[in-house]
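Analysis of the macromolecular model
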Amino acid sequence: MIHSMKTHKNRCLLYNQGLMPYLEAHGWQRSLLTERIHNPSLDDVLILLEHPPIYTLGQGSNSDFLKFDIDKGLYDVHRVERGGEVTYHCPGQLVGYPILNLQRYRKDLHWYLRQLEEVIIRILAVYGLQGERIPAFTGVWLQGRKVAAIGIKVSRWITMHGFALNVCPDMTGFERIVPCGISDKPVGSLAEWIPGITCEEVRFYVAQSFAEVFGVELVESQPQGFFRSE
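Residues numbered from 1 in each chain as written. Predicted model: local features only at pLDDT ≥ 70, side-chain atom pairs only at ≥ 80, totals over all residues. Heavy atoms only, no water.

Keep this limit in mind: UniProt positions are given in the numbering used here, feature names are shortened, and annotations may be inferred rather than shown by experiment.
Going by what an unreviewed UniProt entry lists, the chain is known as Octanoyltransferase and is assigned to Nostoc favosum CHAB5714. On record in UniProt, under Function (unreviewed entry), the comment for the chain is "Catalyzes the transfer of endogenously produced octanoic acid from octanoyl-acyl-carrier-protein onto the lipoyl domains of lipoate-dependent enzymes. Lipoyl-ACP can also act as a substrate although octanoyl-ACP is likely to be the physiological substrate." Recorded in UniProt for the chain, the comment headed Catalytic activity (unreviewed entry) runs: "octanoyl-[ACP] + L-lysyl-[protein] = N(6)-octanoyl-L-lysyl-[protein] + holo-[ACP] + H(+)".

Take a look at the structure:
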């Protein structure tokens, strides 16, 4: 008797949040990561949210890419443990933080970065837009403009940080930095191609693309414990 093979999908909890201060989200990610280091059988997580305006510097990134004096305290700036250079977050930019145990997928950071790019490329394809990769850089470009930045941290094969997709942000905040340390490639947002687009509608496609690319079953959930949604 021949048994058909049943493909098992990993569960991934989807936490759809609104606007959340960066440091609060960062603490939340770290607690989810720590729990999973201690108990690797816990479900994977995808957090989707937006941040109030903030600049973040990756580990070892160059503060010369800031076009303002960091010591004057005019803007909110934090150095964090992800890879990559300086980036800017603000409302209208949809941020995704996957907390994934890569031992369930592939223990390969380059593969993981390409998968995150693929998620974004598929979202753009929904709108008939051709997202592109640029060899030697991480992220996704649209007609030469960078619309998605990616920076990750992995501990014991468990991921944190993730991707930021410019949906409809106020782009002026990007003028105060050299985004991702790339001076000759401008940033862009989807609103330039699709007037009226919102993070709310894009969330659906992010979740759909993420589930397809990583082959997971997304389960919409409410956070427990450390973080309580208002």
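**Examining helix H2 (residues 109–126)**
What counts, and what does not: Strands are runs of DSSP state E lasting at least 2 residues, helices are runs of H or I lasting at least 4, and numbering of each runs from the N terminus. To estimate how far a helix should extend, the number of its residues minus one is multiplied by 1.5 Å. Remark: exposure states derive from per-residue accessible area (1.4 Å probe, protein chains only) relative to the maximum for the residue type, with buried under 20%, exposed over 50%, and partly exposed in between. Residues are treated as being in contact if the distance between any of their heavy atoms lies within 4.5 Å.
The end-to-end C-alpha separation of H2 is 26 Å, in line with the 26 Å expected for 18 residues at 1.5 Å each. Those residues of H2 that fall on the buried side of the exposure criterion are Trp111, Tyr112, Leu113, Gln115, Leu116, Glu117, Val119, Ile120, Ile121, Ile123 and Leu124. Those residues of H2 hidden inside the fold are in contact with strand S6 (93–99), strand S7 (131–132), strand S8 (140–142), strand S9 (145–155), strand S10 (158–166) and helix H3 (199–214). Phi for Gly128, located one or two positions after H2, is positive at around 75°.

**A word on the sheet that holds strand S5 (residues 87–89)**
How we decide: Strands qualify as paired when DSSP identifies two bridges or more between them. To get an axis, fit a line to the C-alpha atoms, keeping to the stretch in contact for a helix; angles then go from 0 to 180 degrees between the N-to-C directions.
Pairing in this open sheet of three strands is mixed, and the strands run S4-S3-S5 from one edge to the other. Where the open sheet ends on each side, the last strands, each with one partner, are strand S4 (77–79) and S5. Each strand of the sheet is rotated relative to its neighbour by a mean of 25°, with strand direction disregarded. Where strand S3 (residues 54–57) meets S5, three bridges bridge the pair, whose relative direction is antiparallel. Paired with Thr56 across the strands is Thr87, a residue of S5.

**As for the pairing of strand S1 (residues 10–19)**
Each regular strand carries side chains that alternate between the two faces of the sheet. Quick note on the threshold: Note on handedness: a clockwise path from strand one over the helix to strand two, with the strands aimed away from the viewer, defines a right-handed crossover.
Pairing geometry for S1 and strand S11 (residues 216–220), over five bridges, is parallel. Looking at the pairing, Leu13 lines up with Val219 of S11. The pairing of S1 with strand S2 (residues 44–50) spans six bridges and is classified as parallel. Note that in S2 the partner of Leu13 across the bridge is Val45. The parallel pair S1 and S2 is bridged by helix H1 (residues 22–38), and the resulting crossover is right-handed.

**Focus: the packing of aromatic side chains**
Defined as follows: Aromatic contacts are taken between Phe, Tyr and Trp rings whose centres are within 6.5 Å, Trp giving its six-membered ring; a plane angle under 30 degrees counts as stacked, one over 60 as edge-to-face, and the others as tilted.
Evaluation of the coordinates by the stated rule reveals 13 aromatic pairs. The interplanar angle of 65° and the centroid separation of 4.7 Å between the aromatic rings of Phe68 and Tyr75 together place this pair among those described as edge-to-face. Geometrically, the ring pair formed by Tyr112 and Phe214 is tilted, given 6.0 Å between the ring centres and 55° between the ring planes. With Tyr112 in helix H2 and Phe214 in helix H3, this residue pair connects regions lying 102 residues apart in the sequence. Comparing Tyr112 with Phe214 shows no difference in burial state: the two are buried. Every member of this aromatic cluster is reached through a ring pair, and the members are Tyr55, Phe68, Tyr75, Tyr88 and Phe174.

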